[in-house]
Amino acid sequence: MKEDRLIVALDLVEAKKAVQLAELLSPYVTTFKVGWQLFLSGGQKIVEALREKGEIFLDLKLYDIPFQISKAVEVLSRLDLRFLTISLFGGSQMVKEAVKAAENFSFNRLLLLGVTILTSLEEADLRSMGIKNSTEESVLRLAKIGIEAGLKGLVASPREARIIKNNLAPGVIVVTPGLRLTGEKHSDQKRVSTVHEALEAGADFLVVGRPITAAPDPLEKLKLYLEEISRWQT
Ligand code: C5P
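No experiment lies behind these values; they were computed from the predicted model shown.

S.K.: What is the right way to read the sheet that holds strand β8 (residues 205-208) from this model?
M.R.: Strands pair in a sheet through their backbones, by hydrogen bonds, and they do so in one of two ways: parallel or antiparallel. Spatially, β1-β2-β3-β4-β5-β6-β7-β8 is the arrangement adopted by the eight strands of the closed barrel, whose pairing is parallel. Strand-to-strand twist of the sheet, defined as the mean angle between neighbouring strand axes without regard to direction, takes the value 25°. Direction of pairing for strand β3 (residues 55-62) relative to strand β4 (residues 83-87): parallel, over a ladder of three bridges. Counterpart to Leu 58 in the pairing with β4 is Leu 84. Strands β6 (153-155) and β7 (173-176) of the sheet are contacted by helix α7 (residues 158-167), whose axis makes an angle of about 170° with β7.

Here is the structure:
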């Protein structure tokens with residue numbers, strides 16, 4: 001059976017390679033994430049091509065004035081997406097407009113996910129932006145804005161997933177990137193966690209990119225992550 005909880009981020013520039021990788025991994029996972037590099041190189045066509053291999057999570061972290069975002073969600077709804085990210089830094093009104101557009105144009109199929117604080121940032125980065133709250137507090141504040149504006153899903157690091165579920169909204173869907181197997185390279189991610197930590201924290205979906213896409217044998221690496229997930233269940 002395919003694992004629904006593990007989402008592979010196809011963070012590649014070459015559209016052809018992304019489709020080949022999706023083909024290879026599609027017997028094992030249901031959903032693929034398309035981020036900026038792939039979307040800019042392959043456009044809507046790559047989403048349509050990948051849609052034949054599985055469900056699509058389009059990770060554009062939309063951030064603009066409410067009118068623009070509402071129209072962007074309307075246009076993107078045509079792609080039959082499962083998930084689409086918006087940045088919570090866009091504020092309450094932007095989120096409300098996005099939620100309304102998703103309801104109207106995807107007939108509630110599309111689940112909008114609010115991105116809190118990127119897992120590549122740490123407290124020193126927030127300080128330099130003038131944000132004096134801790135990462136946890138900042139994530140909670142942003143999450144609250146999103147939920148009050150009608151979002152049913154969020155992206156947050158595993159470390160913050162538990163806090164969100166315990167303190168804010170137990171039923172909210174939390175998607176966590178920044179995952180590594182023990183001993184694996186962190187790359188530019190600062191707030192990383194293991195698969196078990198994320199699941200323990202209540203993460204509903206786990207996003208893994210470079211550990212799989214950059215592995216000499218991506219399928220073998222995917223299977224290691226899947227084994228980690230199945231070990232947690234038992
Ligand atoms: O390669 P790696 O596993 O670090 O990739 C994590 C993926 O999750 C990337 O595609 C990145 O865009 C995404 N992401 C993130 N932090 C967020 C939201 C999304 O790392 N807060």
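S.K.: Which parts of the structure should I look at to understand the pattern of salt bridges?
M.R.: Working definition: two side chains of opposite charge can pair if their charged atoms are close together. Tallying each qualifying case throughout the model produces 14 salt bridges. Across the pair Asp 80 and Arg 51 runs a salt bridge, and its minimum N-O distance is 3.0 Å. With Asp 80 in the loop between α3 (66-76) and β4 and Arg 51 in helix α2 (residues 36-51), this residue pair connects regions lying 29 residues apart in the sequence. A relative accessible area of 31% places Asp 80 in the partly exposed class. Between Arg 231 and Glu 228 there is a salt bridge whose closest N-O contact spans 2.8 Å. Pair noted here: Arg 231 and Glu 228 are both in helix α10 (residues 218-233), with a separation of three residues, about one helical turn. Residue Glu 228 is classed as buried on the basis of its relative accessible area, which comes to 16%.

S.K.: Honestly, the packing of aromatic side chains in this entry has me stumped. Any pointers?
M.R.: Given two aromatic rings, their pairing is described by the distance between the two centres and the angle made by the two planes. Taken as a whole, this structure holds two aromatic pairs when the rule is applied. Judged by centre distance (5.2 Å) and plane angle (70°), the ring pair of Phe 83 and Phe 205 falls under edge-to-face. One end of the pair, Phe 83, is in strand β4; the other, Phe 205, is in strand β8, with 122 residues separating them in the sequence. Judged on exposure class, the residue Phe 83 and its partner Phe 205 are both buried. Among the aromatic side chains, those forming a connected cluster through ring pairs are Phe 57, Phe 83 and Phe 205. The side chain of Lys 33 reaches across the aromatic face of Phe 57, ending 5.8 Å from its centre.

S.K.: Before we go on, may I ask you to explain the environment of Lys 61 in this structure?
M.R.: Positionally, Lys 61 belongs in strand β3. Residue classification places Lys 61 among the partly exposed positions, given a relative accessible area of 30%. Placed 15 residues apart in sequence, Lys 61 and Ile 46 show a C-alpha to C-alpha distance of 18 Å. With near-sequence residues (within four places) excluded, Lys 61 lies in contact with Thr 85, Ile 86, Ser 87, Val 115 and Leu 118. One polar contact links Lys 61 to Asp 59, side chain to side chain, over a distance of 2.8 Å.

S.K.: What's the story with α3 in this structure? I'm lost.
M.R.: Since one α-helical turn is 3.6 residues long, residues separated by three or four positions face the same way. Within α3, burial applies to Ile 69, Ser 70, Val 73 and Leu 76. The buried side chains of α3 occupy one side of the element, clustering within an arc of 135° when seen end-on. On its buried side, α3 packs onto α2, β3, β4 and α4 (92-105).

S.K.: What exactly am I supposed to notice about the site of the ligand here?
M.R.: In the neighbourhood of the ligand, 18 residues make up the surrounding shell, with Asp 11, Lys 33, Arg 180, Gly 209 and Arg 210 lying closest. Asp 11 places a polar side-chain atom, nitrogen or oxygen, 2.6 Å from an oxygen atom of the ligand. Within the complex, 89% of the 470 Å² of free accessible area of the ligand lies under protein. Where the shell around the ligand is concerned, the elements lending two or more residues are β3, β8 and α9 (210-213). Split by residue class, the shell around the ligand holds nine nonpolar, three polar and six charged.

S.K.: Which parts of the structure should I look at to understand unusual backbone geometry?
M.R.: For residues besides glycine, phi is generally negative; the peptide bonds are generally trans as well. Positive phi values are uncommon outside glycine, yet Lys 61 reaches one of about 45°. Despite not being glycine, Asn 108 has its phi angle at roughly 70°, a positive value. Here Asn 108 shows up in the loop between α4 and β5 (111-115). Here Asn 108 falls in the exposed class, since its relative accessible area comes to 58%.

Cut-offs applied
- Residues numbered from 1 in each chain as written.
- Predicted model: local features only at pLDDT ≥ 70, side-chain atom pairs only at ≥ 80, totals over all residues.
- Heavy atoms only, no water.
- Pairing = 2+ DSSP bridges.
- Helix = DSSP H or I, 4+ residues; strand = E, 2+ residues; numbered from the N terminus.
- Axes fitted to C-alpha atoms, helices over the stretch in contact; angles between N-to-C directions.
- Contact = heavy atoms within 4.5 Å.
- Salt bridge = Lys/Arg side-chain N within 4 Å of Asp/Glu carboxyl O.
- Buried < 20%, exposed > 50% of the residue type's maximum accessible area, 1.4 Å probe, protein only.
- Phe/Tyr/Trp six-rings, centres within 6.5 Å; stacked < 30°, edge-to-face > 60°.
- Lys NZ or Arg CZ within 6 Å of the ring centre and 35° of its normal.
- Polar contact = N/O pair within 3.5 Å; in protein donor to acceptor, adjacent residues only side chain to side chain.
- Arc of directions from axis to C-beta.
- Near = heavy atom within 4 Å.
- Areas by Shrake-Rupley, 256 points an atom, 1.4 Å probe, with all protein chains shown as cover.
- Nonpolar A, V, L, I, M, F, W, Y, C, P; charged D, E, K, R; others polar.

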